[in-house]
Structure formats: structure tokens, C-alpha cells
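Here's the letter readout for the chains.
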Amino acid sequence: MAEPHQFRVLEFYSGIGGMHYSFNESGHQGQILKAFDINTTANEVYAHNHGKKQLAQRNIEAVPIEFYDKQQADVWLMSPPCQPYTRTGNQEGSKDTRAKSFLYLMDILPKLNHPPNYILLENVKGFEESDSRDILVESLSGAGYEFQELLITPLQIGIPNSRMRYYCLARKIEKVGSFVQKVTGTLIGYIPSLDSSQPSSAAEGEDKGEMDGEEEEEKEQGPKDFVDGRKQGDLSGLSTSTAAKKRRTSLSTSTVTKDGSEDTAKKPDEDSILADPMLALKVETLEKYIEFKDVEDERMKRYMIPDKTLLKYGRLFDIVKESTRRSCCFTKGYYHFVESTGSILQLVHEKDTATVFDEAEALKAKANADPTTADENNAKALALLRTLGLRYFTENEVARLMGFPIMEGKFSFPATTSLKQRYRVLGNSINVKVVSQLVRYLLTSKESKEDDK
């Protein structure tokens, strides 16, 4: 049996080491040559867990092309800054200065004497509708890469956290051949199967109409190691670089299902997983991710919602219980901002959240109507809300939901990193479990799978 290939990996925008962990968990072997990031806090966390040897705290665009060539890396893993592609970042795309380093990498890619054979890029949902995505596709196409684009959420692999992200996987065909599965030329919503004998979607079955009933039923069931229980098929119709430029905006709102029909009224939606009882049961509850559940625990003081925030903005929180099978995406603003930054945990699970908030709102209304009773009624409202046992998720709980190996003792934070800093660097990171599945697929060759049979 041949020795496994030892991959040489460059980790761009390395953050706290999410890509490093993903590669380690992918089942492939190799080494991280360099990890590039300019965030001092993130680099401290990275060094704490992986050592300083690989770290390069330099602007990517300031590193000459000769340096990258000298590394002779065959894998590039990257998660460029997401702000240019978010609503809060004004969605300026390649015009945003924070996209400069990514554009530099795309510019030098076809000029390298030793370009990578494999590339994985992760970014926020919305990147697929940006001009940076067009630049990515043009660069890959011009440099001889075959690529597959995906939108994947951790919910699809059973993790109770919503974090839909765009991914692009690319292989240099001339050097390492094609993917295990034929690329669709579209943006898909599942991780393809590693079983080359099983097409990953109905879109690949060109002769589907000629199959008999038994064969069609077998194909509809999909491969055994499908990651996405929805088997939703192609999500948006994004295709070649030329077509994407002309049709990106109009097609990005449509969904192509397994049978080839198109629903232009629907975008890829994580709620569709939880809305289906059978699919929702495949998602774990939050219980196994929780560090402590007792409101009397001494750690409660550190993670309790401040009185003023709870009384004034409590209803804006997304509140979940340990029995819940989801949590909102945790962003770098968690623990600092209220809305759309991540979920809040309710420890007293037998209490009905909505009822308690309704009663508290009634007391606040009385306080507003009669200033002489304001202090008394607001105090009663706050005391009522406190009976829910609301707190922030701990940084370790967030890290576990994002797939970092906390329980295995392979990931921790330096004692010098503040709580707010911990939340910020986690919010900028990736889901390790999702990306490890994608790295596994990216680096697996069709030939090696056939040899295993």
C-alpha cells in the first residue's frame, strides 16, 4: 500500500487556527508551512495552541510572489475578511480595502511557478453575489482549476448552530485530476459523497429519464455518506465565470431542486432543516455543549446579562434552552451588542419564555404610565426576568459549537486573552467540523477512491 501523500499547506487569514484544526481532522496528512494573520489577539491564541513556528504576522499583499513560490505549497486554505460582503460592512466587495490581500492572491495565482494544486476558500453567505466572487472564478478558470461552490451550515452535520457559509473548492486538473464527483457548475447545498459510484445529485444523472423504477428509487436515496440530509441539490444556478457575471444577480435568488425544477421565490434557508421534523431530529440538542446549567453556579456572575440590558433590550435576544436544536450564528459582536450576534441561554427550562416577558412588559408599561411607581415596577419586571436564568453562552461553549476540540484538551485560550477578545476572535473564525469534511473531500482523488475498492 502506497504511503499517504504529505500535503504542504499555507493557511491564509489563519485567525485562531480553525483551518489548522480542520486539516488535522480531515484524515489527510501533511504540515502547515505558514499561517498568515495580522490580528495580534488571534495570533496569540494560535501560538498558544499550535506554537509560534508557523506564524507569519505580515500583510499577505506585502509578501513577494517569490516567497509563496519558494514554499511549494500544494494546498491553500483561506478565510478572507467577511466585512466587504456583509450588510454591516456596506457590501462594497472588491472596493473595500479589506479585500486587498485576497485580490493580491488572486492576481499572483496564475503567475506562480509552483501554484497550489488545491484551494479551499470560506466566506459569509453573500460572497457568492459579490464581484470578488467573479474575480475568484476568473482567476481559477484562467489558471486551470476545476471548482465547486457550496453553501453549507453546521445544522446539516447535526451541530445545533446556524452558520451558513459560502465555500469554494478548487483542484488543478492537470496536476491532480478531477473531484470524486463531477462538478455541477452551480452553487450546491450539500457536501458531495466520497463514493464515486454514487452521483451526488440528480443533476449529474444525465440519463435519469431512461432509468427503470428500481434504479431511480436507489438513486433518489442518495449515497450513504451524504452529509446534508436535505439532499437539496443545486441551490442557485451560479455557473461559469462569464455566465456568473451576466446572470449572478438574477439567478442567486433561485433554488434548483433534485428533480431539476426551479423555485425562484426561495433562497437557501437554514430554517428549512428545522421545519422538517425528521431532519430536525438529526440535529443534536444544545445540552451536550453546555458547561454549566445551575443558576447558582459561581460562573453565572461572569456570564449573566447586565440588569440594564436585560430590562431594556431583553426581548431582542434570541433565547434558547438546552433542549433546543439550534442557536444563532455567533459573531464578533457577541457579549457587546444585543441583536443578531448570537443566542442567549435560558437555564430555567421549565419557565415559558414568552409568558414571563409578557408579564415583565406589563410591569414596564405601568412604570412608564406612573412615574411614582417606576422604580418599584421596573424592579419587579427585572426580578421576573431573572427567574428565567438567562446568560451568555461561555466562550468554551461557543468554541465547541464551532467544532474546536475543547473537550479533547487540544484547544484553549491564553489566560491573558479577555472574555470580549475571546468572543471576537471566535466570531471571526470558521466551523472546524464543516471545513474538515470539505478538506477531506477536496484532497481525496477519484483514483485513490477507486484503488480502495
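Here the residue numbering is sequential within each chain, running from 1 through the sequence in written order. With pLDDT at 70 or above as the cut-off, local features in this predicted model cover only qualifying residues; side-chain atom pairs require 80 or more to be listed or tallied, and sums for whole chains, interfaces and linings still use all residues. Hydrogens are left out, water is left out, and the side-chain values use all remaining heavy atoms of the structure.

Peer 1: What exactly am I supposed to notice about the side chain of Glu11 here?
Peer 2: Position of Glu11 relative to the elements: it lies in strand 1 (residues 6–12). In this scheme, a residue with accessible area under 20% of its type's maximum is buried, one over 50% is exposed, and one in between is partly exposed, where area comes from a 1.4 Å probe on protein chains only. We treat Lys and Arg as the positive residues and Asp and Glu as the negative residues; His and chain ends play no part in the count. By convention in these notes, a salt bridge is any Lys or Arg side-chain nitrogen within 4 Å of a carboxyl oxygen on Asp or Glu. The buried charged residue Glu11 lacks any salt bridge partner; its closest oppositely charged side chain belongs to Lys34, at an N-O distance of 12 Å. Think of a polar contact as two N or O atoms within 3.5 Å of one another; within protein, one of them needs to be a possible hydrogen donor and the other a possible acceptor, and neighboring residues in sequence only count if both atoms come from side chains. Here His20 takes part through its backbone nitrogen, which lies 3.1 Å from a polar atom of the side chain of Glu11. Within the local environment of Glu11, its side chain forms a polar contact with the side chain of Tyr46, the two groups lying 2.8 Å apart. The residues touching Glu11, leaving out its near neighbours within four places in the chain, are Gly17, Gly18, Met19, His20, Ile32, Lys34, Ala35, Phe36, Tyr46 and Leu77. Each helix corresponds to a stretch of at least 4 residues labelled H or I by DSSP, and each strand to a stretch of at least 2 residues labelled E; elements are numbered beginning at the N terminus. Residue contacts are defined here by distance: any two heavy atoms, one from each residue, within 4.5 Å place the two residues in contact.

Peer 1: What is the right way to look at unusual backbone geometry in this model?
Peer 2: For residues other than glycine, phi is negative in most cases, and the peptide bonds are mostly trans. With a phi close to 50 degrees, Gln72 is a non-glycine residue in the positive phi region. Tracing the backbone shows Gln72 in the loop between helix 3 (65–71) and strand 4 (75–78). Phi at Tyr335 takes a positive value of approximately 80 degrees, unusual for a residue other than glycine. Considering the arrangement of structural elements, one finds Tyr335 in the loop between strand 11 (318–320) and strand 12 (343–346). According to the relative accessible area criterion, Tyr335 is partly exposed, its value standing at 26%.

Peer 1: Would you explain the nonpolar core in this entry?
Peer 2: Proteins that are soluble and globular tend to have nonpolar side chains buried together. Among the nonpolar cores identified, the biggest contains 47 residues, and Phe393, Phe404 and Phe411 are the most heavily contacted of them. In contact with Phe411, not counting residues within four places along its chain, are Ile16, Tyr21, Val45, Asn49, Ala399, Phe404, Pro405 and Ile406. Take the buried Ala, Val, Leu, Ile, Met, Phe, Trp, Tyr and Cys residues and link them wherever side-chain atoms come within 4.5 Å; each set so joined is a nonpolar core. Ile108, Val137, Tyr145 and Leu151 belong to the second-largest nonpolar core, a separate cluster that totals 34 residues.

Peer 1: Please explain the state of the cysteines as it appears in this structure.
Peer 2: Defined simply, a disulfide is a covalent bond joining two cysteines at their sulfur atoms. Disulfide: a pair of cysteine sulfur atoms within 2.5 Å of each other. With the rule as written, the count across this model stands at zero disulfides. Cysteine Cys328 is unpaired, with the sulfur of Cys329 as its nearest cysteine sulfur at 8.3 Å. The class for Cys328 is partly exposed, based on a relative accessible area of 27%.

Peer 1: How do you make sense of the sheet that holds strand 11 when you look at a structure like this?
Peer 2: Within a sheet, neighbouring strands are paired by backbone hydrogen bonds and run either parallel or antiparallel to one another. For two strands to be treated as a pair, DSSP must find no fewer than two bridges joining them. Pairing in this open sheet of three strands is mixed, and the strands run 11-12-13 from one edge to the other. Each edge of the open sheet carries a strand with a single partner, namely strand 11 and strand 13 (390–392). Averaged over neighbouring strand pairs, the angle between their axes works out to 40 degrees when direction is ignored. As paired elements, strand 11 and strand 12 share three bridges and run parallel to each other. Each bridged residue has a counterpart across the sheet, and for Ile319 the counterpart in strand 12 is Ile344. Fitting a line to C-alpha atoms yields each axis, with helices limited to the stretch in contact; the angle taken between N-to-C directions then spans 0 to 180 degrees.

Peer 1: Mind showing me how you'd approach helix 13 (residues 353–369) here?
Peer 2: Side chains three or four residues apart in an α-helix point the same way, a direct result of the helix having 3.6 residues per turn. For a helix, the expected span equals 1.5 Å multiplied by the number of residues minus one. When the terminal C-alpha atoms of helix 13 are compared, their 24 Å separation across 17 residues agrees well with the 24 Å that a helix rising 1.5 Å per residue should span. Listed as buried for helix 13 are Thr353, Val356, Phe357, Ala360, Leu363, Lys364 and Ala367. On an axial view of helix 13, the arc spanned by its buried residues comes to 120 degrees, and they lie on one face. Those residues of helix 13 that are exposed and aimed more than 90 degrees away from the buried face are Lys366 and Ala369. Considering only its buried residues, helix 13 is in contact with helix 12 (307–313), strand 11, strand 12, helix 14 (374–386) and strand 13. This arc corresponds to the set of directions leading from the helix axis out to the C-beta atoms.

Peer 1: Hey, could you run me through the sheet that holds strand 3 (residues 55–56) in this one?
Peer 2: With mixed pairing, the eight strands of this open sheet are ordered in space as 3-2-1-4-5-7-6-8. Whereas interior strands pair on both sides, the edge strands pair on one side only; in this sheet they are strand 3 and strand 8 (187–188). Judged from the four bridges that link them, strand 1 and strand 4 form a sheet pairing that is parallel. Residue pairing for strand 4: Leu10 is matched across the bridge by Trp76. Packing against the sheet, helix 4 (residues 100–108) makes contact with strand 1, strand 4 and strand 5 (118–124), and its axis sits at approximately 160 degrees to strand 4.

Peer 1: Got a minute to help me understand the environment of Gly126 in this structure?
Peer 2: With respect to the helices and strands, Gly126 occurs in the loop between strand 5 and helix 5 (131–142). Put simply, Gly126 and Arg165 are 39 residues apart on the chain and 8.5 Å apart in space, counted from C-alpha to C-alpha.

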